[in-house]
Amino acid sequence: MKYVILIPDGLADEPEVFADEKTPLASAHTPALDWLGQHGRCGLAHLASGSDAFAPEADLLMLLGFDPAESPLAAGPVKAVGLGIDLPEDTVVACATFVTVVDGVLADPLGGRPSDRESAVLIDEINPLIEPLGCQLIADRNGDHLLISDEPLDFVAPHPLAATGMPLTNCQPKGRDSRRIRQITQLIHAFLENHDINAVRRDLGESPATDLWLWSPGEHCSLPPFPMTFGLEAAAVGYDPLFLGLTRQIGLTTEELLLSNSGVTEGAMRQLTRATQAQFDRHDLVCIHTDTIAYAALAGSAQAKIQAIEALDHLVITPLLETLRGYDRWRMLVVPSYSTSCGSRRVLPVPSPFVIAGEAIDVVLHQPFTETAAIGADMHVEHGQELMEYFLTVH
């Protein structure tokens, strides 16, 4: 049996805010996704962020079949693993994201997406300022950076993707070391305020990187191995360090795809597909991750989100389905780890819609895969980690 899990983060939206519930997913031309819905089974999976603060590392862990309550982890050290950074076990690592704050409100959780070159310059100049505080920044080529510390960083802060449009007064870090975190971020804000890079970005009409948002600190932790838990050899393909770090930690063979500053282009999508197909002969299960749809939604463009969904359907899902049909037995699961709203430009605290098709999957609704179809389906997985077991064992 060949298994494929595709995690297209940000895929779903809010049906109730669109006329006739025509979300970008429902509006997009997606013959492959439609086929999966019409020949498979839709439903909703309740993940960690559905009722709590957005924690992408916990949501991804649940989709990979593990309960984050039994294996607590933080995004910071997981990203470090994904970036191949070897740190002492007691090193504390937090995620650090450039953001844009306007009039005390988080206006852009991506800070205008500074280029790798811009980020490297800023981080090189910030580090001497924060080193006396026992901290150092490490640049991540994909935009989310890391803050490492040889001292404790005991604080909790919301993920920036869940705080768009919120006043900073509602997003302040809390915890034993929150005062130290505020000291660090205030120092960085003062440095960034009048930096030449931001002056140029303003002149070009681009969002300046006014602040550095710190979130999800922790130390490295051990996770249960996927091959021993599920009895399958599995591989992971993607470019996000959080996804790669998590799959690496649970024992999947990982293939990292490198992106240019232009992000996820058509060529990058084709590369994702080819890399996945290359893993079929060596592994029982291949897990694929992409967040291109999420970034389109977070930019506030429904049309860009539609285009990203259509590109995924045409360049990834269609050729993967063609490859899978060459095997006697196969199954495919499409499920985002989170949903994003084009309207609010935030991550949505809702269950994740999914569709499964392939061997032994009963057809229930015979409808294209949309949020409305998933909500109306009879399969609601209350504990998201159980979706993996169903996907692998149903017969």
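Refer to the preceding data block for the structure.
Read on for a plain summary of the structure. Small disclaimer: the values here were computed from a predicted structure and weren't measured.

The rules behind the values
Residues numbered from 1 in each chain as written. Predicted model: local features only at pLDDT ≥ 70, side-chain atom pairs only at ≥ 80, totals over all residues. Heavy atoms only, no water. Helix = DSSP H or I, 4+ residues; strand = E, 2+ residues; numbered from the N terminus. Rg over C-alpha atoms; globule rule 2.2 N^0.38 Å. Buried < 20%, exposed > 50% of the residue type's maximum accessible area, 1.4 Å probe, protein only. Contact = heavy atoms within 4.5 Å. Areas by Shrake-Rupley, 256 points an atom, 1.4 Å probe, with all protein chains shown as cover. Axes fitted to C-alpha atoms, helices over the stretch in contact; angles between N-to-C directions. Parallel < 35°, antiparallel > 145°, perpendicular 65-115°, else oblique. Nonpolar A, V, L, I, M, F, W, Y, C, P; charged D, E, K, R; others polar. Patch = residues over 30% accessible without salt bridge, like charges linked within 9 Å, V, L, I, M, F, W, Y side chains within 5 Å. Salt bridge = Lys/Arg side-chain N within 4 Å of Asp/Glu carboxyl O. Lys, Arg positive; Asp, Glu negative; His and termini not counted. Charge placed at Lys NZ, Arg CZ, Asp CG, Glu CD. Expected span 1.5 Å × (residues − 1). Arc of directions from axis to C-beta. Pairing = 2+ DSSP bridges.

Right, let's talk about the overall build of the protein for a bit. In terms of helices and strands, the protein carries 14 helices and 15 strands. Against the globule reference of 21 Å for 395 residues, the protein gives a C-alpha radius of gyration of 21 Å, in line with a compact fold. Taken over 395 residues, the protein has a buried fraction of 56%. Long-range contacts, defined here as pairs at least 24 residues apart, represent 75% of the contacts in the protein between residues at least 6 apart. A total accessible area of about 16100 Å² is found for the protein, and carbon and sulfur atoms account for 50% of it.

At a closest axis distance of 8 Å, the pairing of helix 2 (residues 31-38) and helix 12 (residues 302-324) adopts a crossing angle of 50 degrees. In terms of their interaxial angle, helix 2 and helix 12 are classed as oblique. Packed against helix 2, whose contacting residues are Pro-31, Ala-32, Leu-33, Trp-35 and Leu-36, the element helix 12 presents Asp-313, Ile-317, Thr-318 and Leu-321 at the interface. Considering only residue class, the contact of helix 2 with helix 12 consists of seven nonpolar, one polar and one charged.

With that settled, the discussion passes to a negative patch on the surface. Together, Glu-89, Asp-90, Asp-150, Glu-151 and Glu-219 make up a negatively charged patch on the protein surface. Position of Asp-90 among the secondary structure elements: in the loop between helix 4 (75-82) and strand 3 (92-102).

Below, the discussion takes up helix 10 (residues 266-279). Since there are 3.6 residues in each turn of an α-helix, residues three or four apart along the chain are aligned in direction. With 14 residues, helix 10 extends 21 Å from end C-alpha to end C-alpha; this agrees with the ideal 20 Å at 1.5 Å per step. Of all the positions in helix 10, only Ala-268, Met-269, Leu-272, Thr-273, Ala-275, Thr-276 and Gln-279 are classed as buried. In an axial view of helix 10, the angular spread of the buried residues amounts to 165 degrees, which keeps them on one side of the axis. Looking at the packing, one finds that the buried side of helix 10 touches strand 8 (234-238), strand 9 (253-256), strand 10 (285-290), helix 11 (292-298) and helix 12.

Bringing the sheet that holds strand 2 (residues 40-45) into the picture now. An order of 9-8-10-1-11-14-2-15 is seen for the eight strands of this open sheet, with the pairing classed as mixed. The outermost strands of the open sheet, each flanked by one partner alone, are strand 9 and strand 15 (380-381). In this sheet, strand 14 (residues 352-358) lies alongside strand 11 (residues 330-334) in antiparallel orientation, the contact comprising four bridges. The residue bridging Arg-331 from the neighbouring strand is Gly-358, located in strand 14.

Moving on to the pattern of salt bridges. Tallied over the entire structure, the rule returns nine salt bridges. Linking Asp-108 and Arg-345 is a salt bridge whose minimum nitrogen-to-oxygen distance equals 3.7 Å. Within this pair, whereas Asp-108 is found in strand 4 (residues 105-108), its partner Arg-345 is found in the loop between strand 12 (339-340) and strand 13 (347-348), the two being separated by 237 residues in sequence. By relative accessible area, Asp-108 is classed as buried at 9%. Here Arg-329 makes a salt bridge to Glu-359, at a shortest N to O gap of 3.0 Å. Separated by 30 residues along the polypeptide, Arg-329 in the loop between helix 12 and strand 11 and Glu-359 in the loop between strand 14 and helix 13 (371-376) bring together distant segments of the chain.

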